[in-house]
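Here is how the chains run, residue by residue.
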There are 2 protein chains.
Amino acid sequence: MRVLILGGDGYLGWPTAMHLSAQGHEVAVADNYLRRNLMREEDVESLSPCLNLNERIRLWKEHTGKEIVICIGDLNHWDFIARIFKEFQPEAIIHYAEQPSAPYSMLRREAATLTINNNLGVTANVIFAVREFCPDAHIVKLGTMGEYGTPNIDIEEGWIDIEHKGRKEKFLYPRQAGSLYHTTKIMDTDLLWYYVRMWDLRVTDLMQGPVYGIFTGESEVDASLLTLFSYDELFGTVLNRFIVQAVAGYPLTVYGKGGQTRGYLNIKDTLNCVRLSLENPARNGELRIFNQFTETFSVNELAGKVQSAGKQLGIDVEIKNIENPRKELEEHYYNPQHTGLLDLGLSPNLLTDTALGQMMEFVLRHRANIAQHKIFRGTKWA
Amino acid sequence: MRVLILGGDGYLGWPTAMHLSAQGHEVAVADNYLRRNLMREEDVESLSPCLNLNERIRLWKEHTGKEIVICIGDLNHWDFIARIFKEFQPEAIIHYAEQPSAPYSMLRREAATLTINNNLGVTANVIFAVREFCPDAHIVKLGTMGEYGTPNIDIEEGWIDIEHKGRKEKFLYPRQAGSLYHTTKIMDTDLLWYYVRMWDLRVTDLMQGPVYGIFTGESEVDASLLTLFSYDELFGTVLNRFIVQAVAGYPLTVYGKGGQTRGYLNIKDTLNCVRLSLENPARNGELRIFNQFTETFSVNELAGKVQSAGKQLGIDVEIKNIENPRKELEEHYYNPQHTGLLDLGLSPNLLTDTALGQMMEFVLRHRANIAQHKIFRGTKWA
């Protein structure tokens, strides 16, 4: 299958490119290094050094003989995205090309505006490009579990049947997010759902939880093929950050009471979920939504797991409940459904002591690169 | 009260400015003539000639002695909007500054992109400007009943209580719109609701139905103070269009079966609803939502009313069911609540034969300006 990966330089984009290339798909990646540029601007670069996309693609070819097509440019520019679609004629598009950080989106007005313009602009361009150049292509869009927020009722898989005053209707599950970044993902969903209905597009929207980990099957060929690994407050996901804090002797920063509960998954399962979605595409006129995570944990539970994994490696890990810079519920009901991807055959990689130990060993190898002052910044929500 | 009207040159913006100025408020208007420019570009200008904002403001002062502050520029540019907020220090903002046409938003990719960028960009700038310069100011935002679409259950006033698997939660009423334009209004709601929760903004979101009419109390001073009146498919609302079609001897263009039902209101009631919202502001941290219409009609009912009003003036009005260029339900359940504004004291101006007759007489006076080829264009939704 010809698969176009938008945001192919990112934490998930590059491992996805290798994974699908290894599976025999014809892969093209597009990126403008937005995330890397923001990381450099905010002085929070990856823990492990990370080759540019051209270099990684050459290295991938040296090891596997497989070609990945590269397109460097801004997908928010119509001329650029139109040229890619026209030339590559994708059968599927994996859309990761968004500013991916909640705290970054809350930093200042310019960061919020960049997030809105980039995320919605690219999603709109993807819709128009599919309509114009490949109307039957399957769009696999990365959404987020954060779109739902933390409601007091069960979170269903994208949709909810409502009975109201004796009548019934099926709706998109109501969304109410916890950051501007997450709100742009809701707006993406609005946009996709509208054009699915109007233009019979085929869309799978993956409501993904926070991802952890760095190793994927394909990265084992050469350590230089590893994806970037953020450990700072802006771009690092919570478990990756906690592992680095544990190794650095920096008390784990639990925000407030630490009862905040989310659905997590290993980066290997992101690749599996995306691949399963590709292999079992949505129908024309269908917005198919999966809740993409494998286990739920509270922040306190994650901190406890990191602490005990540290103990096994002889590291004494301190946990510190600090004032919550975010505005969010610190204790809440959380029961999200997530059977769709399991039904497609997902076999989860759970958060075992072994998985934690491997991540910790990876971080130990790069401990010289950890800059303590980059770990916590306290970006305030209000 | 110092009231800043964004989109003060528009169909509703200018009459609102006169109305609030007449009531003794200190009024400033901002506009970049976007709607007029689009109307000229698409060759669908107002039925009646319309002075520019500076001219109308001078005329208003001649007649009433009252000053209206004018700011010409693009509210999507931060420097412009920041300067206005800083200098005028509004206590309330009425936000009409959006590309307001559903068919225009469906014309072509560039029109869709303009609608997304303008509508969301201005709404975001309003939020950031209020946060920075006047955090206690009341934002009165014009939304649309079209955000709800036509669900099979009663439409509540902005919010819905859901009981699901034995637990309860209150949500924004699920939204599912019928055009890209309406979808940008949903995205506005997402954005406002997020920052209301984070920053304790005070917001009233008015879910308005299609407006009809041209006369408002203030316009009676001088016919040159009348607002613009669109009769084309792009910018004209359905009843205004039907009146012009009746006068022009152009069969009323009922799309499909004509069972499409919406909530309508007289332009006088738009002004009353906005004024009542200003006089009874939302609290800090409150997104207050009103469904702003006074009566519901199907398109067939509207066409019938125009036909019989025509008969009284000796005009023979033909009705023609044409192929629906839109993708929408032509027969559906529709029961939207609308008690909030009545509770604040709204006394509706209903669609009487007199009201229809006055509109028809106005159009008769300008019948020489009607260009038949501008009436219907058949902009397709899919």
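Nothing here was measured: the structure is a model prediction, and the numbers come from that model. (Residues numbered from 1 in each chain as written. Chains lettered and ligands numbered in written order. Predicted model: local features only at pLDDT ≥ 70, side-chain atom pairs only at ≥ 80, totals over all residues. Heavy atoms only, no water.)

Draft legend 1. Representation of the overall build of chain A. The helix and strand inventory of chain A stands at twelve helices and 14 strands. Taken over C-alpha atoms, the radius of gyration comes to 20 Å for chain A, in line with the 21 Å a tight globule of 382 residues would show. Each principal axis of the C-alpha atoms in chain A carries an extent, and together these give about 65 × 55 × 40 Å. Going through the 382 residues of chain A one by one, you find that 64% of them count as buried. When contacts within chain A are restricted to residue pairs at least 6 apart in sequence, long-range pairs at least 24 apart make up 81% of them. Roughly 13,700 Å² of accessible area belongs to chain A as shown, and the carbon and sulfur atoms make up 45% of that amount. Distance between charge centres in chain A, computed from 39 positive and 48 negative side chains, equals 2 Å. (Helix = DSSP H or I, 4+ residues; strand = E, 2+ residues; numbered from the N terminus. Rg over C-alpha atoms; globule rule 2.2 N^0.38 Å. Buried < 20%, exposed > 50% of the residue type's maximum accessible area, 1.4 Å probe, protein only. Contact = heavy atoms within 4.5 Å. Areas by Shrake-Rupley, 256 points an atom, 1.4 Å probe, with all protein chains shown as cover. Lys, Arg positive; Asp, Glu negative; His and termini not counted. Charge placed at Lys NZ, Arg CZ, Asp CG, Glu CD.)

Draft legend 2. Focus on the interface of chain B and chain A. Between chain B and chain A, the contact holds 47 residues from the first and 47 residues from the second. Applying the counting criterion to the chain B and chain A interface returns six salt bridges. For B:K327, the salt bridge identified is with A:D200, shortest N-O distance 3.9 Å. Secondary-structure elements contributing two or more residues to the side of chain B that touches chain A are α6 (109-133), β6 (159-164), β7 (167-172) and α7 (180-199) of chain B. (Salt bridge = Lys/Arg side-chain N within 4 Å of Asp/Glu carboxyl O.)

Draft legend 3. Geometry of the relation of the copies chain B and chain A. Each copy superposes on the other: chain B lies on chain A with an RMSD of 0.0 Å after a rotation of 180° and an axial shift of 0.0 Å. Look at the turn and shift together and you get a two-fold axis relating the two. The fraction of interface residues of chain B whose copies in chain A are also interface residues reaches 100%, indicating that both copies meet through the same surface. (Least-squares fit on C-alpha atoms with pLDDT ≥ 70 in both.)

Draft legend 4. Seen up close, helix α3 (residues 53-64) of chain B. Residues and elements named next belong to chain B. Between its first and last C-alpha atoms α3 spans 16 Å; for twelve residues at 1.5 Å apiece the expected length is 16 Å, and the two agree. Three or more residues of α3 are buried, namely L53, R56, I57, L59 and W60. Buried positions in α3, seen along its axis, are confined to an arc of 160° and lie on one side of it. Relative to its buried face, α3 has exposed residues pointing more than 90 degrees away, namely R58 and E62. At its buried positions, α3 is contacted by α1 (13-22), β2 (26-31), α2 (34-41) and β3 (68-72). By the N-cap criterion, in which a side-chain oxygen at the helix start approaches the backbone nitrogen of a residue two or three places on, α3 is capped by N52, the distance to N54 being 3.0 Å. Downstream of α3 by a residue or two, G65 has a phi angle that is positive, lying close to 75°. (Expected span 1.5 Å × (residues − 1). Arc of directions from axis to C-beta. Polar contact = N/O pair within 3.5 Å; in protein donor to acceptor, adjacent residues only side chain to side chain.)

Draft legend 5. Geometry of the packing of aromatic side chains. Applying the stated criterion to the full structure yields 26 aromatic pairs over all chains. With a centroid separation of 5.4 Å and 65° between ring planes, the pair formed by B:F229 and B:F362 is classed as edge-to-face. Here the residue B:F229 occupies a position in the loop between β9 (211-212) and α8 (238-248), and B:F362 occupies one in helix α12 (residues 353-365), the gap between them amounting to 133 residues. Through successive ring pairs, a cluster of aromatic residues spans A:F128, A:Y194, A:Y195 and A:W199. The cationic tip of A:R131 hangs over the ring face of A:W199; the distance from NZ or CZ to the ring centre is 4.2 Å. Here A:R167 stacks its cationic end above the ring of B:Y333, 3.5 Å away from the centre of that ring. (Phe/Tyr/Trp six-rings, centres within 6.5 Å; stacked < 30°, edge-to-face > 60°. Lys NZ or Arg CZ within 6 Å of the ring centre and 35° of its normal.)

Draft legend 6. Molecular detail of the sheet that holds strand β3 (residues 68-72) of chain A. Residues and elements named next belong to chain A. Overall, parallel pairing links the seven strands, which are arranged β3-β2-β1-β4-β5-β8-β12 in an open sheet. At either end of the open sheet lies a strand with only one pairing partner, and these are β3 and β12 (286-292). Across the sheet, the mean angle from the axis of one strand to that of its neighbour is 20°, orientation sign disregarded. Note: strand β8 (residues 202-208) against β12, seven bridges, orientation parallel. Each residue of the ladder has a partner; that of L206, found in β12, is F290. Of the strands in this sheet, β5 (138-144), β8 and β12 are in contact with helix α7 (residues 180-199), which crosses β5 at around 150°. (Pairing = 2+ DSSP bridges. Axes fitted to C-alpha atoms, helices over the stretch in contact; angles between N-to-C directions.)

Draft legend 7. Region of interest: the pairing of strand β7 (residues 167-172) of chain A. All names here are of chain A. For strand β6 (residues 159-164) and β7, the ladder comprises six bridges, and the chain directions are antiparallel. In the strand pairing of β7, H164 is matched with R167. Two successive antiparallel strands, β6 and β7, enclose a turn made up of two residues, where K165 displays a positive phi of approximately 50°.

Draft legend 8. Examining the pattern of salt bridges more closely. Residues and elements named next belong to chain B. The final tally for this structure, using the stated rule, is 40 salt bridges over all chains. Across the pair E279 and R275 runs a salt bridge whose closest N-O atoms are separated by 3.6 Å. A residue pair is termed a helical-turn pair when its members lie 3 or 4 positions apart in one helix, as E279 and R275 do in helix α9 (residues 267-279) at four residues. Overall, E279 belongs to the partly exposed group, its relative accessible area being 41%. According to the relative accessible area criterion, R275 is buried, its value standing at 15%.

Draft legend 9. Representation of the packing of helix α10 (residues 299-312) of chain B against α12(B) in the model. Residues and elements named next belong to chain B. α12 packs onto α10 with a crossing angle of 70° between their chain directions and a minimal axis gap of 10 Å. If you check the angle between α10 and α12, you find them roughly perpendicular. Between α10 and α12, the contacting residues are K305, V306, A309, G310 and Q312 on the first element and D353, L356 and M360 on the second. Across the contact of α10 with α12, the residue classes break down as four nonpolar, two polar and two charged. (Parallel < 35°, antiparallel > 145°, perpendicular 65-115°, else oblique. Nonpolar A, V, L, I, M, F, W, Y, C, P; charged D, E, K, R; others polar.)

Draft legend 10. Region of interest: helix α9 (residues 267-279) of chain A. All names here are of chain A. Between its first and last C-alpha, α9 extends 19 Å over 13 residues, near the 18 Å set by a 1.5 Å rise per residue. The element α9 is largely enclosed, with a buried count of eleven among its 13 residues. Restricting attention to buried positions, one finds in α9 the residues I267, D269, T270, L271, N272, C273, V274, R275, L276, S277 and L278. Of the residues that open α9, the one with a side-chain oxygen 2.9 Å from the backbone nitrogen of K268 is N266.

Draft legend 11. Spotlight on the environment of A:I127. Residue and element names in this part refer to chain A. Relative to the helices and strands, I127 is located in helix α6 (residues 109-133). Separated by 64 residues in the primary sequence, I127 and L191 place their C-alpha atoms 8.7 Å from one another. Those residues within four positions of I127 in sequence are excluded, and the remaining contacts are L191, L192, Y195, W199 and L201.

Draft legend 12. Main features of the confidence of the model for chain A. Confidence along chain A averages 97 in pLDDT terms, with 100% of residues attaining 70 or more. With a pTM of 0.98, the predicted complex shows an ipTM of 0.97. (pLDDT = per-residue confidence, 0-100.)

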